[in-house]
Amino acid sequence: ENAGGVIEMHHGSHAEKVVYINLVENKTLEPDEDDQRFIVDGWAAGKFGLDVPKFLIAAAATVEMLGGPKKAKIVIPSISPAQIAEALQGRGWDAEIVTDASMAGQLVDVRPEGILKCVDGRGSDNTRMGGPKMPGGIYAIAHNRGVTSIEGLKQITKEVASKGHLPSVHGDHSSDMLGCGFFKLWVTGRFDDMGYPRPQFDADQGANAVKDAGGIIEMHHGSHTEKVVYINLLANKTLEPNENDQRFIVDGWAADKFGLDVPKFLIAAAATVEMLGGPKNAKIVVPSITPPQIVSALRGRGWKASIVKASTMSSELKRVDPQGILKCVDGRGSDNTQFGGPKMPGGIYAIAHNRGVTTLEGLKDITREVASKGHVPSVHGDHSSDMLGCGFFKLWLTGRFDDMGYPRPE
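> Describe in detail the pattern of salt bridges, supporting the description with residues and values.
Overall, the coordinates contain 24 salt bridges when judged by the stated rule. Its salt-bridge partner being Glu274, residue Arg91 comes within 2.8 Å of it at the nearest N-O pair. Within this pair, whereas Arg91 is found in the loop between helix 3 (81-90) and strand 6 (94-99), its partner Glu274 is found in helix 9 (residues 262-275), the two being separated by 183 residues in sequence. Taking relative accessible area as the criterion, Arg91 reaches 33% and is therefore assigned partly exposed.

Given below as structure tokens:
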């Protein structure tokens, strides 16, 4: 609370019937005290750089130790890596799925100082590395949404900044602002037959609008020699371009963060590469732990577990609201009115627990970190046990996680 977080108070008894483990980036479910369920937003563990397998095991152990239901539904995106690979292969591409473990030296955490930039693999004057990559930079967002006006582009520029990234578009040293192949295809009507309206501005006008709204203009140099297209599905991770070993980098997770139509986004990215004569060779980067592995691990602990697609839960999955608290997975009723935030065991205690942070100063730092990443940090108690009413914290404090290697809070 002293570091700017919120204290939530639950009421009533636990009557959860199921545990939802949600892997759909920037989406969540809401508790219903009359039809209780535990809600674990697994994607949020990745956002905060946690050890995801340890996070999920600790969540399962928490439910078990509290006598909760050993029944789980793992919610996954409607389009799977295998479907992406199959769709690309149907277009004549070579496509394979690779795990983040095989690319440990190349994947980096997204940095707020890094520009949200184009997928272009050439060298550039950009020194602000570590941002997500989409075709044409922020033009990809406008293109996907059918935004064609200067005013709409300015609004997207501001939106990107509000979501923690530096917005950008680019040109190059030979064609000035028409040096962005994606924008050139768009403005000259190469996407017409895919149903995308052309922008009502030219390359210079678009660049000036982005700059006027607080964005960055990047300038590339050299020739295209990309050998592969990386489609990265790991939330809040990216790869970096190397002008001496070029590759296109498409951060597929970023499309979901901005509420885009992900299949359309990926098809447009593939079509862009094809129309520009790029390599029809893709590597789809996925987490090392897969939904079937989660199911298998839970079944090994005596759980019933199944996989469900987001499309079957479209009325229940909600886009995360920055005004919503990052709260506990607890399914009971509460005094909270700030809905729509992600859910983790014990709220922000889950982050401290996973990282082995046991001090008050460390907890305050995590509170501020959560706020800096666009969420309202919280922990909770309940009306019968005050601040010990959080079962996860009580288990942690009383040493029930000792045999799993977690030090107790100080």
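> Run through the packing of aromatic side chains, naming residues and quoting values.
Between two aromatic rings, the relevant description is the distance of the centres plus the angle of the planes. This structure, assessed with the given rule, holds 14 aromatic pairs. Here Phe182 and Phe191 contribute two aromatic rings whose centre-to-centre distance is 5.5 Å and whose plane-to-plane angle is 55°, an arrangement assigned as tilted. With respect to class, Phe182 is no different from Phe191; both count as buried. Between the aromatic rings of Tyr349 and Trp396, the centroid separation amounts to 6.2 Å while the plane-to-plane angle is 70°, which identifies the pairing as edge-to-face. Taken together, the residues span a long stretch of sequence, with Tyr349 in helix 11 (residues 349-355) and Trp396 in helix 13 (residues 391-397) at a distance of 47 residues. Of the residues examined, Tyr349 reaches a relative accessible area of 12% and is grouped as buried.

> Go over the environment of Gln246, please, and point to the residues and values.
Within the fold, Gln246 resides in the loop between strand 13 (237-238) and strand 14 (248-251). For Gln246, a relative accessible area of 5% corresponds to the buried category. Sequence separation between Gln246 and Glu226 is 20 residues, and the spatial gap between their C-alpha atoms is 4.4 Å. Apart from residues lying up to four places away in sequence, Gln246 is in contact with Gly121, Arg122, Ser223, His224, Thr225, Glu226, Lys227 and Val228.

> Quick rundown of unusual backbone geometry? Include the residues and the values.
In this model, Asn26 sits at a positive phi of 60°, which is unusual for a non-glycine residue. Along the chain, Asn26 falls in the loop between strand 2 (19-22) and strand 3 (27-28). At Asp386, a position not held by glycine, the phi torsion is positive, near 55°. Relative to the helices and strands, Asp386 is located in the loop between strand 20 (376-382) and helix 13.

> Account for the side chain of His380, with residues named and values stated.
Note that His380 resides in strand 20. Residue class for His380 comes out buried when judged on its relative accessible area of 1%. For His380, the contacting residues outside a window of four places in its chain are Glu8, His10, Cys328, Asp330, Arg332, Met387, Gly389 and Cys390.

> Residue-level account of helix 10 (residues 291-300), with values.
Every buried residue of helix 10 is accounted for by Ile294, Val295 and Leu298. Down the axis of helix 10, the sector holding all buried residues measures 100°, keeping them to one side. Across helix 10 from its buried face, at more than 90 degrees, point the exposed residues Pro292 and Gly300. Those residues of helix 10 that are buried are in contact with strand 2, helix 2 (52-65), strand 5 (71-76) and strand 16 (304-309). In the segment just after helix 10, Gly302 is the residue with positive phi, at about 90°.

> Could you give an account of the environment of Phe248, naming the residues involved and the relevant values?
Tracing the backbone through its elements, the reader meets Phe248 in strand 14. Looking at Phe248, the relative accessible area reads 6%, which means it is buried. C-alpha separation for the pair Phe248 and Lys364, spaced 116 residues apart in sequence, amounts to 39 Å. Once residues lying within four places of it in the same chain are set aside, the contact partners of Phe248 are Val119, Asp120, Gly121, His224, Glu226, Val228, Val229, Tyr230, Val273, Gly278 and Pro279.

> For the sheet that holds strand 18 (residues 325-326), give the residues involved together with the corresponding values.
Strands sit in the order 18-20-1-19 across an open sheet of four strands; the sheet is mixed. Only two strands of the sheet have a single neighbouring strand rather than two, namely strand 18 and strand 19 (333-334). In this structure, strand 1 (residues 6-11) lies alongside strand 19, joined through two bridges in antiparallel fashion. Across the sheet, residue His10 finds its bridge partner in strand 19, namely Ser334.

> Can you break down the environment of Val273 residue by residue, with the values?
One can find Val273 in helix 9. Taking relative accessible area as the criterion, Val273 reaches 6% and is therefore assigned buried. Note: C-alpha distance between Val273 and Glu226 (47 residues apart in sequence) is 10.0 Å. Among all residues touching Val273, those that are not within four sequence positions of it are Trp93, Val229, Phe248, Gly278 and Pro279.

> Would you mind going over the packing of helix 5 (residues 150-162) against helix 7 (residues 203-212) in detail, with residue names and values included?
Between helix 5 and helix 7, whose axes approach to 8 Å, the crossing angle comes to 40°. Taken together, the axis directions place helix 5 and helix 7 in an arrangement best described as oblique. Between helix 5 and helix 7 the crossing geometry is right-handed. Packed against helix 5, whose contacting residues are Ile150, Leu153, Lys154 and Thr157, the element helix 7 presents Gln205, Gly206, Ala209, Val210 and Asp212 at the interface. Across the contact of helix 5 with helix 7, the residue classes tally to four nonpolar, three polar and two charged.

About the thresholds
- Residues numbered from 1 in each chain as written.
- Predicted model: local features only at pLDDT ≥ 70, side-chain atom pairs only at ≥ 80, totals over all residues.
- Heavy atoms only, no water.
- Salt bridge = Lys/Arg side-chain N within 4 Å of Asp/Glu carboxyl O.
- Helix = DSSP H or I, 4+ residues; strand = E, 2+ residues; numbered from the N terminus.
- Buried < 20%, exposed > 50% of the residue type's maximum accessible area, 1.4 Å probe, protein only.
- Phe/Tyr/Trp six-rings, centres within 6.5 Å; stacked < 30°, edge-to-face > 60°.
- Contact = heavy atoms within 4.5 Å.
- Arc of directions from axis to C-beta.
- Pairing = 2+ DSSP bridges.
- Axes fitted to C-alpha atoms, helices over the stretch in contact; angles between N-to-C directions.
- Parallel < 35°, antiparallel > 145°, perpendicular 65-115°, else oblique.
- Left-handed = near helix turned anticlockwise from the far one by under 90°.
- Nonpolar A, V, L, I, M, F, W, Y, C, P; charged D, E, K, R; others polar.

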